[in-house]
Structure formats: structure tokens, C-alpha cells
Amino acid sequence: MTSGRREQAPPSADEPSTTGRPLVYGPYEDRAGWLRGLGIALAVGGFLALSGAFADADASLGRRLAYWLPMMGIGALWGGFIARAFFPDHGGEDAPLEGMWVNCLWAALAMAVPFTGLVWTATWLVFGDQISWRGLPYLFGSVFVLSLAMTVLNTLVESRSQAMRRLRAAPPPVKPVRFLERLPPRLRGADLHAIEAEDHYLRLHTSKGQDLILMRLGDAIEELQGLEGAQVHRSWWVARAAIADVRRGDGRAVLTLVSGAEVPVSRTYAPQLRAAGWY
């Protein structure tokens, strides 16, 4: 059956609720997100090990990997907890973009402060190089730049992931009702109450009045998919929302529309209408 008003798709049951969550974007929503963030960190760690960044150029690849991979893995976990404090609204539709980039700076700073000490200790343990106190500002600057780059990279990846999740969870768009495009200009935008067949024409009963168009009722009903209503007589189609009253007598029912028009219900369609709860 079809109606005079557009049917709305119900919200998807698979759409995750974000009410009360401390963070509204991955990788801190589920295990897959955490693994994705860890994978990014380890990939960057592998690249830094191969390039020999921040390490002794004479150190073996194995030693550089032993230095960078645990460091980046710990950084990914630490960054996850930092993100809970600095990105409470990220991923929401109303999250301000400017605030997100400012939060990236603050998050990178919060990561870099304790991580500078960790890098200083790891450099000494793995390579035997003890960075002097005078070299700490340079070390902190390097750690901050790397932390900022990782924060921005994860923010971009997870923003896209969150957008894709919302897109998949969104209800499918409602298809336009083709028949409404046939309404004469003066009836455009009106609520369709009923369609009455008159020879080769159809009389359109709407909230803005009546008019005739040249068309068969059967063809019109095919184009009314998406509107809640039904054929109630061989010459009538009625929108369910347009029914104001139902009168029964002599074994037949008569529908009274909001416009005052009365529509007979034939015995052919009566069982189907009763089963659908029309009367």
C-alpha cells in the first residue's frame, strides 16, 4: 500500500550511540581501531629504523628496529589515552575543525613531555649514547615534531573512518515519488488525498483543490510507490492520511476524506483494507 505522506526509513539499529562516551572517534571506540592505530605507529617505526633517524648510523638494522618498534608501540598506547583528554568531540558532526588542530598541538605537547625522558633512557640503553643536558631541548623538539606528525596522521585517518561509519549507518535516501512530478503547477506541494478515475482522465483530489490529468489509474498506482495509501475501488485510490471518517452500512464502507469528499469501498478491496487496519 502507498500513502499521502512520505515514508521515513527508521534509524539503523547498527548505528553506534555516542551518548556519554569520553571520545567520539577511533581508534578508541573498538579493538579494530586500536589495532589500526598501533599498525600505523609500527609502520612509521619501521620506516624510521630503516632510515636510521635519531640513531647511530653504525648501529645494525636489528638494533634500530629494537629501538623504534617498542618506542612507537608504547607511543601509540600512550597517545590513545592522551586523545581521550584532548579530543572529546572529534568525529561528531558539529566538531569545530579549527579546535581539532589546536588540540593536535596540545596533545602532541602532552605526549612529548614524558616521552622525551623515555627516548633519552632508550637511547642510552640501546645505543650506549647518553645525551647531555644541553641536548635535551633539541631532543624535546624532535620528539614533539614526531608526536605532532603522528597525532595529525591518526586524526586524519580516524576522521575518515568515523565519516565512513556514519555513512554506512545512515538510512538509505527516500526515493522520490514519480507520480508527484505529474501534478499540475498550481497543485505542486499539495498533500495528495485521492485519485479518481473519470474515463481516460484522473481527477486529483488535493489539499489545494482538484484538477484533471490524462493517465490511466493503473499506471498512476505504479508511480505512487513511497506514499501510504491503497486502491479502494476500481475507480479510486486514497491516501491513508487523508481519511477523516469511515462509515459502514449495507455491507459496504464509505470513506470520508478531510476535504469532505466521500469514497466508496468495493467488496473486492474491503478484506485487504480491513487486514491492514484501515477500518
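Please refer to the structure placed before this passage.
First, a word on scope: everything that follows refers to the structure included in this document. This is a predicted model, so every value here is computed, not measured. (Residues numbered from 1 in each chain as written. Predicted model: local features only at pLDDT ≥ 70, side-chain atom pairs only at ≥ 80, totals over all residues. Heavy atoms only, no water.)

The terminal C-alpha atoms of helix H2 (residues 61–86) lie 35 Å apart, and with 26 residues this matches the ideal 38 Å at 1.5 Å per residue to within 8%. When H2 is considered as a whole, its buried residues turn out to be Arg 64, Tyr 67, Trp 68, Met 71, Met 72, Gly 73, Gly 75, Ala 76, Gly 79, Gly 80, Ile 82 and Ala 83. (Helix = DSSP H or I, 4+ residues; strand = E, 2+ residues; numbered from the N terminus. Expected span 1.5 Å × (residues − 1). Buried < 20%, exposed > 50% of the residue type's maximum accessible area, 1.4 Å probe, protein only.)

Moving on, we come to the sheet that holds strand S8 (residues 262–265). Strand pairing in a sheet relies on backbone hydrogen bonds, with the paired strands running either antiparallel or parallel. Pairing is antiparallel across the open sheet formed by 3 strands, whose spatial order is S6-S7-S8. At either margin of the open sheet sits one strand with a lone partner, and together these are strand S6 (243–249) and S8. The average angle at which neighbouring strand axes cross in this sheet is 25°, direction not considered. (Pairing = 2+ DSSP bridges. Axes fitted to C-alpha atoms, helices over the stretch in contact; angles between N-to-C directions.)

Here the focus is the sheet that holds strand S5 (residues 236–239). Pairing in this open sheet of 5 strands is antiparallel, and the strands run S3-S2-S1-S5-S4 from one edge to the other. Both edges of this open sheet fall to strand S3 (209–214) and strand S4 (229–233), since each of them pairs with a single strand only. Ignoring strand direction, the axes of neighbouring strands in this sheet form an average angle of 20°. Where strand S2 (residues 201–206) and S3 come together, 6 bridges link them in antiparallel fashion. For Arg 203, the partnering residue across the bridge sits in S3 and is Leu 212.

Another aspect to go through is the nonpolar core. Core analysis: the biggest nonpolar cluster contains 20 residues, and Tyr 67, Met 72 and Val 119 have the highest contact counts within it. Secondary-structure elements contributing two or more residues to this core are helix H1 (31–51), H2, helix H3 (97–127) and helix H4 (136–169). Those residues in contact with Val 119 that sit more than four places away from it in its chain are Tyr 67, Met 71, Leu 139 and Val 143. One finds Leu 187, Ala 220, Leu 224 and Leu 227 within the second-largest nonpolar core, a separate group that totals 18 residues. (Core = buried A, V, L, I, M, F, W, Y, C linked by side-chain atoms within 4.5 Å. Contact = heavy atoms within 4.5 Å.)

With that settled, the discussion passes to the pairing of S8. The side-chain alternation of S8 yields one buried face, formed by Val 263 and Val 265, and one unburied face, formed by Glu 262 and Pro 264. In the sheet, strand S7 (residues 252–257) pairs with S8 via 4 bridges, with the strands oriented antiparallel. Across the sheet, the residue bridging to Leu 255 is Val 263, located in S8. Counting the residues that bridge the hairpin from S7 to S8 gives 4 residues, and of these Gly 260 lies at a positive phi of roughly 100°.

Let us look at a nonpolar patch on the surface. Residues Val 102, Trp 106, Leu 109 and Val 113 make up a contiguous nonpolar surface patch of about 370 Å² in total accessible area. Positionally, Val 113 belongs in helix H3. The exposed category is assigned to Val 113, whose relative accessible area is 53%. (Patch = residues over 30% accessible without salt bridge, like charges linked within 9 Å, V, L, I, M, F, W, Y side chains within 5 Å. Areas by Shrake-Rupley, 256 points an atom, 1.4 Å probe, with all protein chains shown as cover. Salt bridge = Lys/Arg side-chain N within 4 Å of Asp/Glu carboxyl O.)

By the element assignment, Val 126 lies in helix H3. Sequence separation between Val 126 and Arg 63 is 63 residues, and the spatial gap between their C-alpha atoms is 7.2 Å. If near-sequence neighbours (up to four positions away) are discounted, Val 126 is found in contact with Arg 63 and Tyr 67.

We note that Asp 199 has phi near 55°; this positive angle belongs to a residue other than glycine. Counting through the fold element by element, Asp 199 comes out in the loop between strand S1 (192–198) and S2. In this structure Asp 199 comes out as exposed when scored by relative accessible area, which is 78%.

Right, let's get into the packing of aromatic side chains. Scanning all chains against the criterion turns up 3 aromatic pairs. Here Tyr 67 and Trp 68 contribute two aromatic rings whose centre-to-centre distance is 5.2 Å and whose plane-to-plane angle is 85°, an arrangement assigned as edge-to-face. The same class applies to Tyr 67 as to Trp 68, namely buried. Measuring from centroid to centroid gives 6.5 Å for Trp 120 and Trp 124, while their planes differ by 40°, and the two rings are tilted. Here the residue Trp 120 and the residue Trp 124 both occupy positions in helix H3, the gap between them amounting to 4 residues, near one helical turn. On the basis of relative accessibility, which here comes to 41%, the residue Trp 124 falls in the partly exposed class. (Phe/Tyr/Trp six-rings, centres within 6.5 Å; stacked < 30°, edge-to-face > 60°.)

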